[in-house]
Amino acid sequence: MADANVQPQLATPRRVIFLGPPGAGKGTQAERLAQLLGLPRISTGDMLRDAVTADTAVGRAAAPYLLRGELVPDDVLLEMIRERIAQPDASRGYILDGFPRTLPQAEGLEKLTAGTADAVVFNMEVPRDELLRRLSGRGRDDDKAAAVARRLAEYDERTKPLIDFYHGRARYHHIDGFRQQDVVARELKELVEADRL
Ligand code: AMP
């Protein structure tokens, strides 16, 4: 007899990784997908900003990096993610927004999850002048010109190599983020649905 009460916990967790530069729309799309799939969105940027506000040890360590637009050290991020994905709400999967951002983080995530071959990876790309336009209008502390430049440089130097890292091994999708939000959201929905087959 088909049992409608069987929970999907035993199924492979659905994991989605958003790559892309700051300003590409990862946060917005990750949130929409999280709602759609009923999975938590895990934004390391939000977690770090919350830690700064709450003045925790992690927050105090991270604050100067955030202000300068530099990446917070990998060991801090990996410990944060290790704890977060062990929470019960992440047992069926999660949407990662802003993590991993370096090769050591990606390798660390592989170890924590016994491989990310089943993860769906969306690499959102937006032309640089559009990124600058978007970032300069947001009003966050790290949206000041110098910090924006630093964040884009960090992306180029340390995050871009993740495209090659994931390209061969995961369900990798290049996403044109320079389109209407709804159009992008529809494409992502179709891709996660197709990936389920
Ligand atoms: P975001 O909101 O994702 O743009 O992140 C804001 C800031 O938080 C970044 O500029 C970094 O200083 C820090 N941050 C967020 N995620 C990471 C990460 N995975 N590794 C290192 N630093 C991060």
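Owing to the predicted nature of the structure, the values given are computational and were not obtained by experimental measurement. (Residues numbered from 1 in each chain as written. Predicted model: local features only at pLDDT ≥ 70, side-chain atom pairs only at ≥ 80, totals over all residues. Heavy atoms only, no water.)

Colleague: Looking at this structure, I do not really get the site of the ligand. What am I missing?
Modeller: Around the ligand lies a shell of 16 residues, among which Thr 44, Glu 70, Gly 98, Arg 101 and Gln 105 are the nearest. With respect to the ligand, the backbone of Gly 98 contributes an N or O atom lying 2.9 Å from a nitrogen atom. One nitrogen or oxygen atom from the side chain of Arg 101 is found 3.0 Å from an oxygen atom belonging to the ligand. About the coverage of the ligand: the protein hides 96% of its 470 Å² of free accessible area. (Near = heavy atom within 4 Å. Polar contact = N/O pair within 3.5 Å; in protein donor to acceptor, adjacent residues only side chain to side chain. Areas by Shrake-Rupley, 256 points an atom, 1.4 Å probe, with all protein chains shown as cover.)

Colleague: How do you make sense of unusual backbone geometry when you look at a structure like this?
Modeller: At the junction of Phe 99 and Pro 100, the peptide bond is cis and its omega measures out at -5° in the coordinates. With respect to the helices, strands and loops of the structure, Pro 100 is situated in the loop between β3 (93–97) and α5 (103–113). The backbone phi angle of Asp 55 is positive, close to 55°, even though this residue is not glycine. Note on Asp 55: relative accessible area 46%, which makes it partly exposed. (Helix = DSSP H or I, 4+ residues; strand = E, 2+ residues; numbered from the N terminus. Buried < 20%, exposed > 50% of the residue type's maximum accessible area, 1.4 Å probe, protein only.)

Colleague: I keep staring at the environment of Arg 92 and nothing clicks. Help me out?
Modeller: By the element assignment, Arg 92 lies in the loop between α4 (74–85) and β3. With 71 residues separating them along the chain, Arg 92 and Ile 163 place their C-alpha atoms 25 Å apart.

Colleague: Help me understand helix α3 (residues 57–68), please; the structure alone is not making it clear to me.
Modeller: Every α-helix winds through 3.6 residues per turn, so residues three or four apart in the chain are directed the same way. Of all the positions in α3, only Gly 59, Ala 62 and Leu 66 are classed as buried. Viewed end-on, α3 has its buried residues packed into an arc of 80°, placing them on one side of the element. Exposed positions of α3 whose direction lies more than 90 degrees from the buried face are Ala 57 and Leu 67. If you follow the buried residues of α3, they end up packed against α2 (44–54). Note on α3: the residue one or two positions beyond its end, Gly 69, has a positive phi of about 80°. (Arc of directions from axis to C-beta. Contact = heavy atoms within 4.5 Å.)

Colleague: What is the right way to look at the side chain of Gln 105 in this model?
Modeller: Its place among the elements puts Gln 105 in helix α5. A distance of 2.8 Å separates a polar atom in the side chain of Gln 105 from the backbone nitrogen of Arg 101. Discounting chain neighbours no more than four positions away, the residues touching Gln 105 are Val 72, Asp 74, Leu 77, Leu 78, Phe 99 and Pro 100.

Colleague: What is the right way to read the sheet that holds β3 from this model?
Modeller: The strands that make up a sheet pair up through hydrogen bonds in the backbone, lying either parallel or antiparallel. What the 5 strands build is an open sheet, ordered β2-β3-β1-β4-β5; its pairing is parallel. The open sheet has two edge strands, β2 (41–43) and β5 (171–176), and neither has a second partner. Adjacent strand axes in the sheet meet at a mean angle of 20° when their direction is disregarded. In this sheet, β3 lies alongside β2 in parallel orientation, the contact comprising 3 bridges. When the sheet's bridge partners are listed, Ile 42 is paired in β3 with Leu 96. Across the sheet, α2 lies against β2 and β3, angled at about 60° from β2, the strand it touches most. (Pairing = 2+ DSSP bridges. Axes fitted to C-alpha atoms, helices over the stretch in contact; angles between N-to-C directions.)

Colleague: Please explain the environment of Leu 37 as it appears in this structure.
Modeller: Relative to the elements of secondary structure, Leu 37 occurs in helix α1 (residues 26–37). Aside from chain neighbours lying at most four places away, what touches Leu 37 is Arg 14, Ile 95 and Val 192.

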